[in-house]
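The lines below spell out each chain.
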Amino acid sequence: MTRPNILFIMCDDHAAAAISAYGSGLNSTPQIDRIAQNGMRMDRCYVTNSICTPSRASILTGTYNHVNLVTTLDTHLDNRLPNVAKHLRSTGYQTAMFGKWHLGEGPAHQPSGFDQWSVVPGQGEYFDPVMIGPEGETVEKGYATDIITDKSVDFITNRDKDRPFFLMCHHKAPHRPFVPHPRHNDLYTDDLPVPETFDDTYENRAVAAGAAKMRVRRDMSYTDLGLVQPEGGSEVGEMVMPGADLRTVPDDHEGLRLIDRATGETYTFETKRELDLFKYQRYIKRYLRTVAAIDESVGRLLDTLDAEGLTDDTIVIYTSDQGFFLGEHGWFDKRFMYEESLQMPFLVQYPRAIAPGSVSKDIAMNVDFAPTFLDYAGQTSPTYMQGNSLRPVFESTAGDDWQEVAYHRYWMHKDDIHNAFAHYGIRSARYKLIYWYNEPLDQIGANAGDEPPEWELFDCEADPHELNNLAHDPAHAEVFATMLHKLDAKMAEIGEEPRHDTAAILRQAVAA
Ligand code: CA
């Protein structure tokens, strides 16, 4: 059988709830949905560390972050390590990477394993982005989503027709600060629905939930919301982080006057509630408008495959480096193991092997992507890779012995901007166990955390919004112990060092 082309389209911070194929009703993404109609929608695909850089390292190398050492946003990938592009290229694939790399710049960290590459430095800019390639830096005129699409389409149309290709098209959007193209400014004139959990009070949850500085009503900046940041000090808003000239929009409505940066329109507020909802609507509309350009991009890429006669021979994947909170629990951002952030949207089509319109609830992870690509390319997965090929899932042949849990670990602790706490845990089909070990990255093992460790257990079927922590519920003691053993087994399997003491926990449970 001919080796398939692989077109891997990944966005940055695109929540499943902002894709209509996932049935959210929030927006319409007809082009992205084409992949779900032509192939499979996966409902339980999870990220192993819900932030950009570590997720990308896991995707490329097929390893967890304690193995590839990309645990945080500041620990960049050593490009001497093997990765899936290098393996594919060594067996004749032509390889390319366009868009957001976010694994570091310079000779030690820039893309490696790609015949062609052109990437934005760091987060990149929405308009007129700097792009770095083998020949150095250039400023490219236009909107980042369109530029990255142009490069990907050019690569496909100008490919070497005698060899298969592996193309990573990595959009920068819809990452903060959510800057849409003006052609989408008229979308979403009507207000959008407010999530059920927008007013979450974080009761009966770990301290971490209430401590996070990720609240739409309190922690979004003027820039995030497309508003003019007035001159002045703390009276115009708290600093988002020390040393950056980014301030949050105040959460007191009295005397507040906000100005739209593009139109000059001004806004004042009668009540605090009015201000809260104004922020949510500004946020969600700007976010979804950036998604509209991505949807167009996916349409152009699929049309290019059709026009080139490549559709039957190409695996097309649409995903995001992690999920994102779209006002659920009152939050924006990600980082947490809660579902909106943990879930990666994942749509895949490959007409030669995947049934159209199929839906999978099998557990999948980003570390599984690289082994999957190699499997379809007819290569054995190298032993250093820790993920499992998703081929049995795609082809609906996964049996009862398919992987039972996904593992997540967020290593940073109380970063300056988000104040998110360090944690790890597992997600099974039904339950989620989280251990907030709360130790700073540079002091793990020194018990230097200010907050005592905490456990959370959620029944994701009975409590899909994860509002009710069952870790201390006597009726769930058995479930807790079972999940704890599964966590231990998973950590042992992947060579991860636990921060908890299972024997002590179980002794305590018996004594109680
Ligand atoms: Ca991201």
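Everything discussed here concerns the structure shown above.
In what follows, the accompanying structure is described. Small disclaimer: the values here were computed from a predicted structure and weren't measured. (Residues numbered from 1 in each chain as written. Predicted model: local features only at pLDDT ≥ 70, side-chain atom pairs only at ≥ 80, totals over all residues. Heavy atoms only, no water.)

## Focus on the pattern of salt bridges
Should the charged atoms of two oppositely charged side chains come close, the side chains can pair.
Phase 1: One pass over the full model with this rule turns up 41 salt bridges.
Phase 2: Notably, a salt bridge pairs Asp-12 with Arg-56, separated by 3.6 Å at the nearest N-O pair. A residue pair is termed long-range when its members are at least 10 positions apart, and Asp-12 in the loop between strand S1 (5–11) and helix H1 (30–38) and Arg-56 in helix H2 (residues 52–61) qualify at 44 residues.
Phase 3: Overall, the relative accessible area of 2% leaves Arg-56 in the buried class.
Phase 4: Measuring nitrogen to oxygen at the nearest pair gives 3.0 Å for the salt bridge that ties Asp-160 to Arg-163. (Salt bridge = Lys/Arg side-chain N within 4 Å of Asp/Glu carboxyl O. Helix = DSSP H or I, 4+ residues; strand = E, 2+ residues; numbered from the N terminus. Buried < 20%, exposed > 50% of the residue type's maximum accessible area, 1.4 Å probe, protein only.)

## Let's talk about the pairing of strand S4 (residues 94–100)
Phase 1: Taking burial as the measure, the 7 residues of S4 include 7 buried ones, the bulk of the element.
Phase 2: Examined bridge by bridge, S4 and strand S8 (residues 165–170) share 6 bridges and lie parallel to one another. Bridged to Gln-94 within S8 is Phe-165. (Pairing = 2+ DSSP bridges.)

## As for the environment of Arg-217
Phase 1: Following the sequence through the fold, Arg-217 ends up in helix H7 (residues 216–219).
Phase 2: Taking the relative accessible area as the measure of exposure, Arg-217 reaches 17% and is therefore buried.
Phase 3: In the structure, Arg-217 is positioned 18 residues away from Asp-199 in sequence and 9.7 Å away in space, judged by C-alpha atoms.
Phase 4: Leave out the neighbours within four places in its chain, and Arg-217 touches Phe-198, Asp-199, Asp-251, Lys-272, Arg-273, Asp-276 and Lys-279.
Phase 5: Separated by 3.2 Å, the side chains of Arg-217 and Asp-276 make a polar contact. (Contact = heavy atoms within 4.5 Å. Polar contact = N/O pair within 3.5 Å; in protein donor to acceptor, adjacent residues only side chain to side chain.)

## Quick notes on the packing of helix H12 (residues 477–494) against helix H13 (residues 502–511)
Phase 1: For the pair H12 and H13, the least separation of the axes is 11 Å and the interaxial angle reads 175°. As judged from the angle between their axes, H12 and H13 are roughly antiparallel. Contacts between H12 and H13 involve Phe-480, Ala-481, Leu-484, His-485 and Asp-488 on the former and, on the latter, Thr-502, Ile-505 and Leu-506.
Phase 2: When its residues are assigned to classes, the contact of H12 with H13 shows 5 nonpolar, 2 polar and 1 charged. (Axes fitted to C-alpha atoms, helices over the stretch in contact; angles between N-to-C directions. Parallel < 35°, antiparallel > 145°, perpendicular 65-115°, else oblique. Nonpolar A, V, L, I, M, F, W, Y, C, P; charged D, E, K, R; others polar.)

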